[in-house]
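Summary of the model geometry
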Amino acid sequence: MQQYSSLPDQNSQIDATPKLLTTIQQLRAKLWLESSLNQLQSRLNHYLLSACNNVLQAEVAESEVLQAVVNEINSVMNSTNLALTDYAVGIAMFQPQETVATVCYISRSPSQNSQPLFVDVLTAEKKLLLRLQEVIELKDLQQLENQQPPSAWRLADDSGSIMGWLIIAAAPLSCDRESLIESKAQLRSQLMSRSANYCTTALVQLRQILSWQQQYQQLSNSNQELERTNQLKNQFLANTSHEIRTPLSSIIGFTHLLLAPGYEPTIERQREYLNIIQSSGKHLLALINDILDLSKIEANQLEVQWESVDVPLLCSNVLALVKEKAANKGLRLCLEIDPDITSLVADSLRLKQMLLNLLFNALKFTSKGSVGLQVVPKGGSVHFTVWDTGSGISQEDQTQLFEPYFQIAKAVAGGSEGTGLGLAVTRKLAQIHGGSVKVESEVDSGSRFTLLLPLKQEVGVGGDEEAREAGEAKYSLSHLPLTPSSSVDILLVENDLPNADLMQIYLRKLGYQVTWVKNAAEMWEALRQLDPAVILMDVYLADGNGLNLVRQLREHEQYQTIPVIVQTAMAMKGDRETCLTAGVNDYISKPIDLPLLASLVAKYSKPPI
């Protein structure tokens with residue numbers, strides 16, 4: 001009878017024990033590897049979370065992550081019983097389009113007898129020293145990556161772009177059993193390979209976080225700027241409302257007074273009231289012009305008429321315009337012009353506007369003492385310096401002084417006129433001229449605003465014939481003799497009754513025969529009975545566009561030679577060209593400048609010589 005034993009025989013026990021020990025060792029190695037990698041992952045997550053919560057510089061953030069990787073690998077390798085006599089872990093950073101990488105991060109074994117370690121390339125054919133700032137060629141790194149076991153692992157993003165290399169330099173593993181050496185080498189290789197993957201993932205995520213932070217910061221800055229602009233515009237609207245209501249109150253009030261039944265003021269009083277009305281109207285127009293100038297400049301639609309400017313004459317005229325305001329405040333005006341400065345190529349109207357803005361500001365903030373204009377050459381520029389002995393401007397206010405809509409708080413509180421546009425327009429006009437504006441001021445020590453303009457302009461003169469001719473024509477019109485005859489017929493096509501009355505009364509006073517029609521239909525009817533010397537055409541009519549009517553006139557042979565002057569509120573760049581293309585001879589902007597209107601009518605109503 002056959003008997004069975006429950007105990008294994010001796011040979012089976014001998015064969016099973018090594019297998020069991022090997023399995024336990026593999027399990028321990030795997031647990032150690034996963035634990036080490038989890039520790040590394042936790043460390044990297046900590047840095048990424050810190051990057052999310054804090055605004056960091058890109059270089060600093062990446063440096064912390066990469067140094068953490070080499071430190072953590074060093075720590076976990078020191079905590080194991082791997083038979084490594086000595087080692088070093090480093091990261092070499094790589095820039096696209098380059099053929100070398102530079103060792104920027106390194107961590108060494110704490111062994112007291114550590115010697116400089118080399119990385120073997122292709123089985124000791126070439127040795128590379130692993131130390132900070134060591135430069136390693138790309139081909140050597142690729143060889144280190146491909147040899148067995150590898151000594152380098154690339155850090156590449158999803159697109160395959162290489163960011164750097166994780167490198168280990170280690171002395172040979174010391175052990176009597178070859179299989180154990182091989183298993184520990186594989187374990188080390190797995191640790192480095194997966195650490196490289198974790199490092200790559202962390203770098204990609206960090207760069208994405210930093211990119212989002214940058215976008216967020218840009219959006220935040222944009223929002224802050226929009227909020228600031230909105231606040232300034234609200235302040236501007238409030239200031240503008242005050243500026244508009246004040247002169248309107250004078251216009252409406254004094255007009256009502258003059259029209260009041262039973263009130264018969266003396267001639268002197270009437271002139272005084274009318275002067276106030278006219279002054280208030282001019283103030284409103286100046287406000288509108290400032291807003292329009294700024295809009296045209298920002299839309300790059302400002303026309304500049306280059307010409308040779310008589311600097312001493314222009315400066316004298318500018319001071320004459322502010323003389324009365326200075327006298328009313330008891331201030332002394334000073335003018336100092338270097339004798340070498342005689343002429344300058346610029347837009348005379350815009351140059352006068354810039355100087356007036358600076359002078360009016362100086363007068364506004366000066367209660368006693370003097371205000372002056374100094375003109376001197378420096379290098380290839382002319383320096384127009386407007387100085388005063390006024391209250392001065394704080395450093396804080398100086399930083400915003402040339403921003404649109406900005407007003408100094410004490411000026412607003414003191415009830416000073418202004419909308420905060422004058423200096424903004426001045427700076428932009430200076431830039432268009434190729435120059436700039438700078439300010440020097442201290443509180444209670446006065447201010448100096450210097451307008452710097454180049455002596456010679458590279459553009460404009462000789463290149464913009466049309467603009468120059470327009471400027472010359474405008475200048476010469478004011479000198480045309482007005483010798484109208486009662487036989488000269490003017491056809492006025494105007495939609496607005498007050499404007500029509502104004503032009504009729506003024507032109508009839510000069511001796512012209514004026515026929516007024518309100519729309520296109522009445523114009524065609526009038527032309528059947530009238531042969532006008534000039535047609536004054538409003539651009540906006542109830543039953544048509546004035547420029548379209550001009551085009552229709554030019555299609556009829558009998559009307560092709562009649563001069564047409566359009567009156568319009570259009571004032572943007574290209575409007576003059578649009579009018580001329582339609583067949584218009586000239587145009588005048590609203591509100592109507594009556595002397596200019598008279599000059600234009602006189603010019604075009606005369607028969608050609």
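Residues numbered from 1 in each chain as written. Predicted model: local features only at pLDDT ≥ 70, side-chain atom pairs only at ≥ 80, totals over all residues. Heavy atoms only, no water.

All right, on to the pairing of strand 10 (residues 343-346) then. Burial along strand 10 is one-sided: L344 and A346 are buried, while S343 and V345, pointing the other way, are not. Taken together, the four bridges between strand 8 (residues 307-310) and strand 10 define a ladder with antiparallel strand orientation. Opposite S308, over in strand 10, you have V345 as the bridge partner. (Buried < 20%, exposed > 50% of the residue type's maximum accessible area, 1.4 Å probe, protein only. Helix = DSSP H or I, 4+ residues; strand = E, 2+ residues; numbered from the N terminus. Pairing = 2+ DSSP bridges.)

Moving on, we get to the environment of D338. Residue position: D338 is located in the loop between strand 9 (332-337) and strand 10. For the pair formed by D338 and P377, sequence separation is 39 residues and the distance between their alpha carbons is 7.4 Å. Not counting residues up to four positions away in its chain, the partners in contact with D338 are V375, V376 and P377. (Contact = heavy atoms within 4.5 Å.)

In the structure shown here, the tally under the stated rule is three aromatic pairs. Ring geometry for F254 against Y273: centres 5.0 Å apart, planes inclined by 35 degrees, an arrangement best described as tilted. Remark: Y273 occurs in helix 5 (residues 267-298) and F254 occurs in helix 4 (residues 178-259); sequence separation between them is 19 residues. Relative accessible area serves as the criterion here: at 21%, F254 is assigned to the partly exposed category. You can call Y273 buried: its relative accessible area is 8%. Judged by centre distance (6.2 Å) and plane angle (50 degrees), the rings of W524 and Y559 are tilted. One end of the pair, W524, is in helix 13 (residues 520-527); the other, Y559, is in the loop between helix 14 (546-554) and strand 20 (564-568), with 35 residues separating them in the sequence. Accessibility expressed as a relative area gives 11% for Y559, which makes it buried. (Phe/Tyr/Trp six-rings, centres within 6.5 Å; stacked < 30°, edge-to-face > 60°.)

Our focus in this paragraph is the nonpolar core. With 44 residues, the main nonpolar core has L351, L355, F384, L401 and L451 as its most contacted residues. When residues in this core are grouped by element, the largest group, eight residues, is from helix 7 (residues 348-364). Filtering out sequence-adjacent residues up to four positions away, L355 remains in contact with L314, C315, V318, L373, F384 and L451. (Core = buried A, V, L, I, M, F, W, Y, C linked by side-chain atoms within 4.5 Å.)

On to the sheet that holds strand 13 (residues 436-441), then. The five strands lie next to each other as 9-11-12-14-13, forming an open sheet whose pairing is mixed. The strands lining the two open edges of the sheet, one partner per strand, are strand 9 and strand 13. Taking each pair of neighbouring strands and ignoring which way they run, the sheet shows an average axis angle of 15 degrees. Direction of pairing for strand 12 (residues 381-388) relative to strand 14 (residues 447-454): antiparallel, over a ladder of eight bridges. Bridging across to strand 14, T385 finds its partner in T450. Sitting on the sheet, helix 7 is in contact with strand 11 (370-378), strand 12 and strand 14, with an inclination near 175 degrees to strand 14. (Axes fitted to C-alpha atoms, helices over the stretch in contact; angles between N-to-C directions.)

Right, let's talk about the packing of helix 5 against helix 10 (residues 422-432) for a bit. The contact between helix 5 and helix 10 brings their axes to 10 Å, and the two run at 40 degrees. With respect to their mutual orientation, helix 5 and helix 10 come out oblique. Helix 5 and helix 10 meet at a crossing whose hand is left-handed. Seen from helix 5, the contacting residues are D290, D293, L294, I297 and E298; seen from helix 10, they are V425, K428, L429 and I432. Within the contact of helix 5 with helix 10, the residues separate by chemical class into five nonpolar, no polar and four charged. (Parallel < 35°, antiparallel > 145°, perpendicular 65-115°, else oblique. Left-handed = near helix turned anticlockwise from the far one by under 90°. Nonpolar A, V, L, I, M, F, W, Y, C, P; charged D, E, K, R; others polar.)

So, about helix 5. Helix length check: helix 5, at 32 residues, gives a terminal C-alpha distance of 46 Å against a target of 46 Å (1.5 Å per residue), a fit within 8%. Residues Y273, I277, S280, L284, L287, D290, D293, L294, K296 and I297 constitute the buried set of helix 5. Once helix 5 finishes, N300 follows within two positions and takes phi at roughly 55 degrees, a positive value. (Expected span 1.5 Å × (residues − 1).)

What follows deals with the pairing of strand 14. For strand 14, a buried count of seven out of eight residues is recorded, marking the element as mostly surrounded by other parts of the structure. As judged from the six bridges shared by strand 13 and strand 14, these two strands associate in the antiparallel manner. Residue K438 lies in a different strand from strand 14, and its bridge partner there is T450. Where strand 13 folds back on strand 14, the antiparallel hairpin that results is connected by five residues, among which D444 adopts a positive phi of roughly 65 degrees.

This paragraph deals with the sheet that holds strand 17 (residues 534-538). Strand order in this open sheet of five strands is 16-15-17-20-21, and the pairing throughout is parallel. Either end of the sheet is taken by a strand with one partner, and the two such strands are strand 16 (513-517) and strand 21 (586-589). Pairwise comparison of adjacent strand axes, ignoring direction, gives a mean angle of 20 degrees for this sheet.

Remember that the coordinates give geometry; whether it matters functionally is a separate question.
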